[in-house]
Amino acid sequence: MAVGARSGHDGEEHRGRPVEAAGSAGTPAAPGSRTMAEDGTVTGEQTGGSEDQGPEAKRSPKEARKQRSFWKELPILIGIALVLALLIKTFLVQAFSIPSDSMQNTLQQGDRVLVDKLTPWFGSEPERGEVVVFHDPDNWLAGEPTVDPNPLQEFLSWIGLMPSAEEKDLIKRVIGVGGDTVECDSTGPVKVNGKALDDRDFVYPGNTPCSLDDNGGQFKVKVPEGYIWVMGDHRQNSRDSRYNQADRHHGMVPVSEVVGRAIVIAWPVNRWDTLPVPDTFDQPGLNAGAAAAGALSVAPQGLALAGAVPLVLWRRRRIAPAETR
């Protein structure tokens, strides 16, 4: 008798239905046995090998790709970090180490300061009272010992985390700017445009504002435009503008040699602090001399302009009647 042609009522109930294959849903097939699909096709043997596979086989290909991509991207990330560090060093801020005691007690030997290099790019110039870093203008550091850096220090200085040993830089406080008259008689005080500075807040305790010596401690100078006059806060232990008046700039520092303003003590942690301008540099009348010098520098151009205006008006009056004829 053919399958599906049974006699009786059972044949009517099961007519047209496929015969259930062995290992159907709900009955797991034994390992090593073959399974048959509903259309009668043998799908192959099932094995228990999946339980014996190691952890490497269980890791998905996506996870493996992620791990490989990190190592590929690592050199790119390092390169980006180095480029950013160089840009920051060149245009934003740079760290400098304090090598001497000439700025005590404002700065101690071994301090690390951050110097603002951004604002000079927008035309900002040093102002009175600021602590600035500048390149050696004319061999001020002659005879000073030099340090041979190791490769790590050279790399850190290259990316701006440490100052370069090859750069001859100094750090002092700006006392006078272009147009100022700075003077010091006896032990002080220092005067700028005739106004005495109250420097007790920043001059080293026990020091006098001026030094009684014949090497430059007594002076009266006129600061040219484009220059600054600088002095160390440790007045009796600082070789600054006073003691370099015999150089080609007469002790002045060209503004073009200024790296930037020191804005904060970044290291060590227990000395974190800002470096603000002392209040004495904001006293009324201190800008009188500089303002007068600025007016004198503008006077020739102003006179030329004032003389040109009547000449132009006279020519216009002469040309107008000629055009109406």
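A brief look at the structure comes next. (Residues numbered from 1 in each chain as written. Predicted model: local features only at pLDDT ≥ 70, side-chain atom pairs only at ≥ 80, totals over all residues. Heavy atoms only, no water.)

### Details of the sheet that holds strand β7 (residues 181–184)
- In spatial order, the strands read β9-β8-β7-β10; together these four strands make up an open sheet with antiparallel pairing. Of all the strands in the sheet, just β9 (195–196) and β10 (219–222) have a single pairing partner and so form its edges.
- Alignment of β7 against β10, held across four bridges, turns out to be antiparallel. By the bridge assignment, Thr-181 is partnered in β10 with Lys-222. (Pairing = 2+ DSSP bridges. Helix = DSSP H or I, 4+ residues; strand = E, 2+ residues; numbered from the N terminus.)

### Topic: the state of the cysteines
- Evaluated as defined, the whole model comprises one disulfide.
- Across a sulfur-sulfur distance of 1.0 Å, Cys-184 and Cys-210 are joined as a disulfide pair. In this pair, Cys-184 is assigned in strand β7 and Cys-210 in the loop between β9 and β10, connecting sequence segments 26 residues apart. The same class applies to Cys-184 and to Cys-210, which are both buried. (Disulfide = S-S within 2.5 Å. Buried < 20%, exposed > 50% of the residue type's maximum accessible area, 1.4 Å probe, protein only.)

### Looking at the nonpolar core
- Of all hydrophobic cores here, the largest spans 17 residues; its most connected members are Ile-175, Val-182, Val-190, Leu-197, Phe-219 and Trp-229.
- For this core, the elements supplying multiple residues, two or more each, are β7, β8 (190–192), β10 and β11 (227–231).
- With residues near it in sequence (within four places) discarded, Phe-219 still touches Val-182, Glu-183, Cys-184, Trp-229, Met-231, Arg-242 and Gln-245.
- Of all hydrophobic cores here, the second largest spans 13 residues; its members include Phe-96, Met-103, Leu-107 and Val-131. (Core = buried A, V, L, I, M, F, W, Y, C linked by side-chain atoms within 4.5 Å. Contact = heavy atoms within 4.5 Å.)

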